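Secondary and tertiary structure notes
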Amino acid sequence: WGADESMKCGAPIYDEGVRPGVVHHTAGSNDYLPEDSAAIVRSIYEYHARTLGWCDIAYNALVDKYGQVFEGRAGGMDRPVQGAHTGGFNTDTWGVAMLGDFDVVPPTPIQLRTVGRLLGWRLGLDHVDPLGTVTLTSAGGDFTKFAAGAVENLPTIFTHRDVGNTDCPGNAAYALMD
């Protein structure tokens, strides 16, 4: 997608493995063409790396409304790269963001299906049941509703709002998560 690698800072951090997947939305426009998606990913990259200081895209992957998949955080989609997508719960998680805002409008069927298949594939690499549960310990911080050390039982695929101070991935997307 044409990343300007000079914006990255530092090498990827690798976790022991991936235990759950986390679903996000980018809260951007839903009005884009397939050929616009790479530019949208580049703008998210610049915002996350430079403005927010996260050194890279927060998410491990992004999926547009046409079902196109983009690698997010550098280091390999098949490796347990630690992202910056779910404050308090970044360790051992793998985040995928749907391009768009899904508070009122739901993700497209192909977008939702691709997110599910992508998470199923990624969790499968670490032999994680996508329909199972996981116990995670919060690292705390301003971005989560759980204090440091809080132990939470969650589905192996959950959404950002399940642990964060956010409505991500939007109400319309959240209603489709099961």
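Scroll up to find the structure this text is about.
So, here is what we can say about the structure in this document. Everything numeric in this text was worked out from a predicted model, so none of it was measured. (Residues numbered from 1 in each chain as written. Predicted model: local features only at pLDDT ≥ 70, side-chain atom pairs only at ≥ 80, totals over all residues. Heavy atoms only, no water.)

A word on the overall build of the protein. Scanning the protein from N- to C-terminus turns up three helices and seven strands. When the helices and strands of the protein are read in sequence order from the N terminus, they spell out β-α-β-β-β-α-β-β-β-α. For 178 residues, the compact-globule estimate of 2.2 N^0.38 gives 16 Å, and the protein sits close to it at 15 Å. Projected onto its principal axes, the C-alpha positions of the protein cover 40 × 35 × 30 Å. Counting every position in the protein, which comprises 178 residues, the buried fraction comes to 47%. Looking at the protein alone, contacts between residues at least 24 apart form 65% of all its contacts between residues at least 6 apart. (Helix = DSSP H or I, 4+ residues; strand = E, 2+ residues; numbered from the N terminus. Rg over C-alpha atoms; globule rule 2.2 N^0.38 Å. Buried < 20%, exposed > 50% of the residue type's maximum accessible area, 1.4 Å probe, protein only. Contact = heavy atoms within 4.5 Å.)

By the definition in use, this model includes three aromatic pairs. Where W1 meets Y45, the ring centres are 5.5 Å apart and the plane angle is 75°; that geometry is what we call edge-to-face. Of this pair, W1 sits in the segment before β1 (21-25) while Y45 sits in helix α1 (residues 37-51), placing them 44 residues apart in sequence. Measuring from ring centre to ring centre gives 6.0 Å for F89 and F146, while their planes differ by 85°; the resulting arrangement is edge-to-face. On the criterion of sequence distance, the pair formed by F89 in the loop between β3 (69-71) and β4 (94-98) and F146 in the loop between β5 (133-137) and β6 (151-155) is long-range, its members being 57 residues apart. (Phe/Tyr/Trp six-rings, centres within 6.5 Å; stacked < 30°, edge-to-face > 60°.)

Next up on the list: helix α2 (residues 109-125). Look at α2: 25 Å from first C-alpha to last across 17 residues, which is about the 24 Å you get at 1.5 Å a residue. Restricting attention to buried positions, one finds in α2 the residues Q111, T114, V115, L118, L119, R122 and L123. Take α2 and look down its axis: the buried residues cluster within an arc of 155°, on one side only. The outward face of α2, more than 90 degrees from its buried face, is lined by the exposed residues P109 and R117. Where α2 is buried, its residues meet β1, β2 (61-63), β3, β4 and β7 (157-159). (Expected span 1.5 Å × (residues − 1). Arc of directions from axis to C-beta.)

Judged by pairing direction, the sheet is mixed, and its five strands sit side by side in the order β3-β2-β4-β1-β7 without closing on themselves. Looking at which strands have only one partner, the edges of the open sheet turn out to be β3 and β7. The sheet shows a mean angle of 25° between the axes of neighbouring strands, direction not considered. Where β1 lies against β4, five bridges are found, and the strand directions are parallel. Opposite H25, over in β4, you have M98 as the bridge partner. (Pairing = 2+ DSSP bridges. Axes fitted to C-alpha atoms, helices over the stretch in contact; angles between N-to-C directions.)

A word on the layout of surface pockets. In this structure, the largest pocket occupies an estimated 490 Å³ of space. Lining the largest pocket are 28 residues, and of these H25, H48, W54, Y59 and H160 sit closest to its centre. Every element with two or more residues in the lining of the largest pocket is listed here: β1 and α1. The leading source of residues in the lining of the largest pocket is α1, at four residues. Class assignment for the residues of the lining of the largest pocket results in 13 nonpolar, 14 polar and one charged. Of the pockets and cavities examined, the second largest pocket occupies roughly 400 Å³. Residue lining of the second largest pocket: 17 residues in total, with P130, L131, I157, M177 and D178 positioned closest to the centre. Considering every element that reaches the lining of the second largest pocket, the biggest residue donor is α2, with five residues. (1 Å grid on protein atoms, 1.4 Å probe; cavity = no way out; pocket = protein on both sides within 12 Å on 5 of 7 lines; lining within 4 Å. Points joined across faces, edges and corners; volume = space filled by probe spheres on them. Nonpolar A, V, L, I, M, F, W, Y, C, P; charged D, E, K, R; others polar.)

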